[in-house]
Amino acid sequence: MTPATRRRAFAAVALLALLVVGASVAIQLAVPSNEELARRVEREFEARLGQRLVVGEARWRLRGTPVIEVLDAHTEQPRDEAIRMRRLAIYPEPMPLLRKRLVIDRLEIEGAEVPRQALAAYRGKLQNADGASVVLRTLVFRDLTYTASSGVPVNYEGEIEFSEGDRLPRRAQLRRPDAKTPATLHATHDGRTSEGADIYRLELQAGGGTAHGRARLTTSGSGRMTLAGELAPRGVEIQALLESFNRRAFISGRASGDTTLRAEGDTVGELFRSLRTRSTLQVAGARLLRIDLDKAVKSLGEDRAGQTPLDSLSGVMVTQNTAQGLKTTFTEVQAVAGAYSATGKATLYRREIEAQGTLVVGGGVVDVPFAAHGPTREPTFEMAWGSIAGAVIGTAVLPGIGTLLGGKIGGAVSEPPRIPPARQRR
């Protein structure tokens, strides 16, 4: 190597060393310390979303796979409405940052507690945050506990992959990790219709049964979205399904039928909040879990502890998301249990039940109006016993006897028992 060559090589090495040192100094000046990063996250959160955030610790790493972690964070909202998070990790792509554009390759959330009441403070703010040019490709969440308006906490885990072009989900998975029977939802983008609507293939597994179907997401020129779809539930055990979501069941049996769903909104959040479903169901092997109907009728309601197997059960169930939680309405309910049959309707909303119907005894000999109301955990059950003599009821339900009454005793009762106002039930 000639002296000139050595000098040029030395100069090149020295220049490279200076560049490395300069870049290192620039990074140290540009990237905050962990403490500064934590405070910056708090300021940005409050500036964009209008709520205070307390961050226990924040840290970053540039070597290897870049990552920013936020640990032990919670919002400053009323105690029962605070959102808490054990860990949030952002994996950004480095090159877009040079163009002041944040592309998150993966966002991980672990150990989050999200009360439904807390979310109202952020509606309309996430999508309207000024100056944000953010692309999210994959969202992963584990040990996320969502508490609905009912106050029942439910734990979830899942993963959502987004399409960068239109930022719609390309694939979504949702699971109940601690359910006794598998409870999962898979939604996969499956092309578009000739009118341009996005098609999603839906696969659900819950309560030992399945539900398969398709949904179509249409977006108007103004950005408003409409979701419509169909599902075909088959062999879903009602008790196991409700227990998977920490709910107490009144009925067991395997439900099958057809379900339609519809929602509208300008954002994904609005779509979820407006979701409405309508299901026409038949239940095989149905059983009333907390009442022995035969005992109740023969004792005029004094003894009803036990269960009642049903020969058949069918009806229409409509669910509607509301600002106060899920509202479920049952109509066209028809049930048969031996010598008894019943028709009626019921509404479940905000942990309360309102139900009315008619119990037919002795193959149509006696009509007995009934009603149920109050908290779903311990409702009050009322029946028009006063219109029927105990001895007649005890005889009418015996097989082979149909001449005692010569007509329907219940025909004299034109209205079901009056449901008292809510303030009188306390």
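All values reported here derive from a predicted model rather than from experimental measurement.

What about the overall build of the protein?
Phase 1: When its secondary structure is counted, the protein shows 8 helices and 22 strands.
Phase 2: The buried share of the protein, taken over its 426 residues, is 35%.
Phase 3: Once local pairs closer than 6 in sequence are excluded, the contacts in the protein between residues at least 24 apart make up 44%.
Phase 4: For the protein, the exposed area adds up to about 24600 Å²; of that, 56% sits on carbon and sulfur atoms.

Focus: the side chain of Q51
Phase 1: Relative to the assigned elements, Q51 resides in the loop between α2 (34-49) and β1 (53-61).
Phase 2: Setting aside residues up to four positions removed in sequence, Q51 forms contacts with F45, E46, E76, Q77, A121 and Y122.

Things to note about unusual backbone geometry
Phase 1: Within the chain, E332 stands out as a residue other than glycine whose phi angle is a positive 55°.
Phase 2: The exposed category is assigned to E332, whose relative accessible area is 55%.
Phase 3: One non-glycine residue, R351, adopts positive backbone phi at about 60°.
Phase 4: Its location among the elements puts R351 in the loop between β19 (340-349) and β20 (352-361).
Phase 5: When its relative accessible area of 52% is taken as the criterion, R351 is described as exposed.

Points about the side chain of T308
Phase 1: Residue position: T308 is located in strand β16 (residues 308-309).
Phase 2: According to the relative accessible area criterion, T308 is buried, its value standing at 7%.
Phase 3: A distance of 2.7 Å separates the side chain of T308 from the backbone nitrogen of L293, its partner in a polar contact.
Phase 4: Leaving out residues up to four positions away in the same chain, T308 has contacts with A286, R287, L288, I291, D292, L293 and A337.

A few points about the nonpolar core
Phase 1: Core analysis: the largest hydrophobic core is formed by 25 residues, its most contacted members being V55, L88, L107, I109, L139 and F141.
Phase 2: Within the residue set of this core, elements represented by two or more residues are α2, β1, β2 (67-75), β3 (84-92), β4 (102-115), β6 (138-147) and β7 (153-162).
Phase 3: Looking at this core, the element that brings in the most residues is β4, giving 5 residues.
Phase 4: Here L139 is in contact with L107, I109, G158, E159, I160 and F162, once residues within four sequence places are set aside.
Phase 5: By size, the runner-up hydrophobic cluster in this structure holds 13 residues, among which are A172, Y200, L217 and L271.

Things to note about α2
Phase 1: For α2, which comprises 16 residues, the first-to-last C-alpha distance of 22 Å matches the rise-based estimate of 22 Å (1.5 Å per residue) to within 8%.
Phase 2: Of the residues making up α2, those classed as buried are L37, A38, E42 and L49. Looking straight down α2, one finds its buried side chains confined to an arc of 140°; they lie on one side. Away from the buried face of α2 by more than 90 degrees, exposed residues E35, R43 and A47 are located.
Phase 3: Packed against the buried residues of α2 are β1 and β2.

Regarding the confidence of the model for the protein
Phase 1: For the protein, per-residue confidence averages 81 on the pLDDT scale, and 79% of positions sit at 70 or higher.
Phase 2: Taken as a whole, residues 5-29 scores under 50 in pLDDT and shows 2 contacts with residues more than four places along the chain or in a different chain.
Phase 3: Predicted confidence is poor over residues 387-416, with pLDDT under 50, and the contacts of this stretch with residues over four places away or in other chains come to 36 contacts.

Describing the packing of aromatic side chains
Phase 1: Inspection of every chain in the model, using the stated rule, returns 1 aromatic pair.
Phase 2: In this structure, R290 packs its charged tip against the face of F250, placed 4.2 Å from the ring centre.
Phase 3: Over the face of the ring belonging to Y349 we find K327, whose NZ or CZ atom lies 5.6 Å from the ring centre.

Remarks on the pairing of β3
Side chains on a regular strand alternate between the two faces of the sheet.
Phase 1: In this sheet, β3 lies alongside β2 in antiparallel orientation, the contact comprising 6 bridges. Bridging from a neighbouring strand, L71 pairs with R87 of β3.
Phase 2: Examined bridge by bridge, β3 and β4 share 8 bridges and lie antiparallel to one another. Following the sheet pairing, Y91 is matched in β4 by R106.

Structural notes on the pattern of salt bridges
Phase 1: If you walk through the whole model with that rule in mind, you get 28 salt bridges.
Phase 2: Residues E42 and R39 are paired through a salt bridge, measuring 2.9 Å at the closest nitrogen-oxygen approach. Taken together, the residues span about one helical turn, with E42 and R39 both in helix α2 at a distance of 3 residues.
Phase 3: In the salt-bridge network here, residues are joined through shared partners; they are E57, R59, E69, R87, R106, E108, E110 and R142.

Notes on the pairing of β7
Phase 1: Here 8 bridges tie β6 to β7, and the two strands are oriented antiparallel to one another. Across the sheet, residue F141 finds its bridge partner in β7, namely G158.
Phase 2: From the end of β6 to the start of β7, which pair antiparallel, there are 5 residues, and G151 there has a positive phi angle of about 85°.
Phase 3: Pairing of β7 with strand β8 (residues 169-175), which is carried by 6 bridges, proceeds in the antiparallel orientation. When the sheet's bridge partners are listed, E159 is paired in β8 with Q173.

Cut-off values and rules
- Residues numbered from 1 in each chain as written.
- Predicted model: local features only at pLDDT ≥ 70, side-chain atom pairs only at ≥ 80, totals over all residues.
- Heavy atoms only, no water.
- Helix = DSSP H or I, 4+ residues; strand = E, 2+ residues; numbered from the N terminus.
- Buried < 20%, exposed > 50% of the residue type's maximum accessible area, 1.4 Å probe, protein only.
- Contact = heavy atoms within 4.5 Å.
- Areas by Shrake-Rupley, 256 points an atom, 1.4 Å probe, with all protein chains shown as cover.
- Polar contact = N/O pair within 3.5 Å; in protein donor to acceptor, adjacent residues only side chain to side chain.
- Core = buried A, V, L, I, M, F, W, Y, C linked by side-chain atoms within 4.5 Å.
- Expected span 1.5 Å × (residues − 1).
- Arc of directions from axis to C-beta.
- pLDDT = per-residue confidence, 0-100.
- Phe/Tyr/Trp six-rings, centres within 6.5 Å; stacked < 30°, edge-to-face > 60°.
- Lys NZ or Arg CZ within 6 Å of the ring centre and 35° of its normal.
- Pairing = 2+ DSSP bridges.
- Salt bridge = Lys/Arg side-chain N within 4 Å of Asp/Glu carboxyl O.

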